[in-house]
Amino acid sequence: MNNENFEKEIKFPDGFLWGTSTSAYQIEGGITNDWSEWEKSEGRSKKLEKKGKNPKDYICGKACDSYNRYKEDLDLAVSLNSNSIRIGIEWARIQPKKDVWDVEAINHYRDVLQEAKKRNLKTVVTLWHWTNPVWLAREGGWTKKSAVEHYLKYVDLIIENLGGNIDFWVTLNEPMLFANYSYFLGYFPPNKHSFFKFKKATNNLIKAHIKAYEKIHNFFPNANVSITNLSNYFEPARKWFAPEQLFKKIVAYYGINKFFNKINNYIDFIGVDYYRRINLSLIPPFIKRDKDNITDMGWEIFPEGLFYVLKELSKYKKPIYILENGLADESDKKRMQFIKDHLYYVHKAISEGIDVRGYFYWSLLDNFEWDKGWSPKFGLFAVDRDTFERKKRPSADFYAEICRSNSIK
Ligand code: IFM
């Protein structure tokens, strides 16, 4: 990115939300759900061993022990001068069995939210971030209509017990990615490869969101409710090649627009999770990325893409919050520039009239990166895998200064 872009200070609007994002399963530890069961399964371990990988590096286990260390984590968020935090609630903790509601778990999350409030942090709360109680998965998970009814009972409980401390509700995290990875591409449990199941799960997730939206609004008429969507920037690898253009349209439709089109009358804001540009190729040669411009996971760093995504999503005419943006960068050599460049494009979008109201860095801590296990390091704070000690990376100070000054210098 051209440094001329940063010759002068860039100020963000007053009241802009600055935060970090986390999710329950990825940091809390000690959870039993469909993911924890799958991770430990023999089939999964064998597949990993065949690839020369150690299955232990792919087990969430105690994660970052945040279920016990949440006050420390909230203090870290405060140390960043952020004014908000995105946290998750784990359904499987609240309803470990179909007919058991765990009062201790509910009280725990009440305390987490109250502690966040005590620290003047606005709370963005994700009710479902891909993981499910084991009993629900055994009933057929999201391909069954009953999942919607079960989810809504869980939402009722959250509304009544925790709703007063929730500023922004995220009913579902990246539902299209979940439906795709779990039921079509098969990367996530239950590892299915069926377009039919993918469609069923998608439709049930859409229904679940719409009904949850109505329930939350019945109780709290002024609530802010939405989903987050993984909104990466898709491009055909060859702009002149019609099949790749069509491929791009299909992927962008299923990846971004389908869900928002269906729920557009049932959202108060747009939640954007942006990470990278994805070039869609159908035939070789496949694009090779310059290694200076990729993350530890090989994802292309493409800040401009965030601007295009914000432009595209502005058509829904809702306030936009970037609820995830970050990179895996263990050495922390690229993180400051990454944040700075993405924020440059956020600001450009705002100055062109797009109503962006917040930015949340993913993630506060190094955490469990799902099927990629423990190696990707997204955190502003590193976490020792044995002692759980949190250690600040230099980019945390950099981000803290942005949050403090509401500007980039
Ligand atoms: O870690 C995930 C998160 O759970 C959902 N959005 C993308 C992140 C990075 O892959």
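The notes below deal with the structure included here. (Residues numbered from 1 in each chain as written. Predicted model: local features only at pLDDT ≥ 70, side-chain atom pairs only at ≥ 80, totals over all residues. Heavy atoms only, no water.)

As a further point, take the overall build of the protein. When its secondary structure is counted, the protein shows 14 helices and 14 strands. In terms of overall size, the protein behaves like a compact globule, its C-alpha atoms giving a radius of gyration of 20 Å where 409 residues would be expected to give roughly 22 Å. Out of the 409 residues belonging to the protein, those deemed buried represent 59%. Here the analysis covers contacts within the protein between residues at least 6 apart in sequence; of these, 78% occur between residues at least 24 apart. (Helix = DSSP H or I, 4+ residues; strand = E, 2+ residues; numbered from the N terminus. Rg over C-alpha atoms; globule rule 2.2 N^0.38 Å. Buried < 20%, exposed > 50% of the residue type's maximum accessible area, 1.4 Å probe, protein only. Contact = heavy atoms within 4.5 Å.)

Glancing now at the site of the ligand. For the ligand, the full set of nearby residues is Q26, H129, W130, N173, E174, Y275, W299, E324, W362, E369, W370 and F378. Within the side chain of E324, one N or O atom sits 2.5 Å away from a nitrogen atom of the ligand. Out of a free accessible area of 280 Å², the ligand has 95% covered by protein chains. Across the shell around the ligand, the residue classes break down as six nonpolar, three polar and three charged. (Near = heavy atom within 4 Å. Polar contact = N/O pair within 3.5 Å; in protein donor to acceptor, adjacent residues only side chain to side chain. Areas by Shrake-Rupley, 256 points an atom, 1.4 Å probe, with all protein chains shown as cover. Nonpolar A, V, L, I, M, F, W, Y, C, P; charged D, E, K, R; others polar.)

Another aspect to go through is the nonpolar core. Counting residues in hydrophobic clusters, the biggest one holds 126 residues, and the most contacted among them are W142, Y151, V346 and Y359. A per-element tally of this core places helix 8 (residues 146-162) first, with 10 residues. Counting residues in each nonpolar core, the second largest holds eight residues, with L17, Y321, L323 and F360 among its members. (Core = buried A, V, L, I, M, F, W, Y, C linked by side-chain atoms within 4.5 Å.)

To continue, consider the pattern of salt bridges. For the structure shown, the criterion picks out 28 salt bridges. Between E115 and R119 there is a salt bridge, with the nearest N and O atoms lying 2.7 Å from each other. Several salt bridges converge on common partners, so that one network encompasses E235, K239, R277, R289 and E300. (Salt bridge = Lys/Arg side-chain N within 4 Å of Asp/Glu carboxyl O.)

A word on the sheet that holds strand 8 (residues 270-273). Taken together, the eight strands give a closed barrel; going around it, the order is 2-3-4-5-6-8-10-11, and neighbouring strands pair in parallel fashion. When the angles between neighbouring strand axes are averaged without regard to direction, this sheet yields 25 degrees. Here strand 6 (residues 224-230) pairs with strand 8 via three bridges, running parallel. Along strand 8, the bridge assignment pairs L230 with D273. (Pairing = 2+ DSSP bridges. Axes fitted to C-alpha atoms, helices over the stretch in contact; angles between N-to-C directions.)

Axis separation between helix 12 (residues 303-313) and helix 13 (residues 335-351) bottoms out at 8 Å; the angle between their running directions is 25 degrees. Between helix 12 and helix 13, the angle falls in the class roughly parallel. Pair helix 12 / helix 13 crosses with right-handed handedness. Residue-level inspection shows P303, E304, L306, F307 and L310 of helix 12 in contact with helix 13, the latter providing D341, H342, Y345, V346, K348 and A349. Within the contact of helix 12 with helix 13, the residues separate by chemical class into seven nonpolar, one polar and three charged. (Parallel < 35°, antiparallel > 145°, perpendicular 65-115°, else oblique. Left-handed = near helix turned anticlockwise from the far one by under 90°.)

Here the focus is helix 6 (residues 103-118). Compared with the 22 Å implied by 1.5 Å per residue over 16 residues, the 22 Å span of helix 6 between its first and last C-alpha is a close match. Tucked inside the fold, the buried residues of helix 6 contact helix 1 (24-27), helix 4 (66-79), strand 3 (84-88), helix 5 (91-94), strand 4 (122-126) and helix 8. For helix 6, the capping residue at the N-terminal end is D102, with a side-chain oxygen 2.9 Å from the backbone nitrogen of E104. Downstream of helix 6 by a residue or two, N120 has a phi angle that is positive, lying close to 60 degrees. (Expected span 1.5 Å × (residues − 1).)

This next bit is on the state of the cysteines. Under the counting rule described, the total for this entry stands at zero disulfides. For the unlinked cysteine C64, the closest cysteine sulfur is that of C60, found at 7.9 Å. You can call C64 buried: its relative accessible area is 0%. (Disulfide = S-S within 2.5 Å.)

Residue placement: S21 occurs in strand 2 (residues 17-21). The exposure class of S21 is buried, given its relative accessible area of 0%. Among the polar contacts listed, one links the side chain of S21 to the backbone oxygen of L323, at a separation of 2.5 Å. Those residues within four positions of S21 in sequence are excluded, and the remaining contacts are R86, L323, E324, F360, Y361, W362, S363 and L364.

Quick look at a negative patch on the surface now. Together, E72, D384, D386 and E389 make up a negatively charged patch on the protein surface. Relative to the helices and strands, D384 is located in the loop between strand 12 (381-383) and strand 13 (390-392). (Patch = residues over 30% accessible without salt bridge, like charges linked within 9 Å, V, L, I, M, F, W, Y side chains within 5 Å. Lys, Arg positive; Asp, Glu negative; His and termini not counted. Charge placed at Lys NZ, Arg CZ, Asp CG, Glu CD.)

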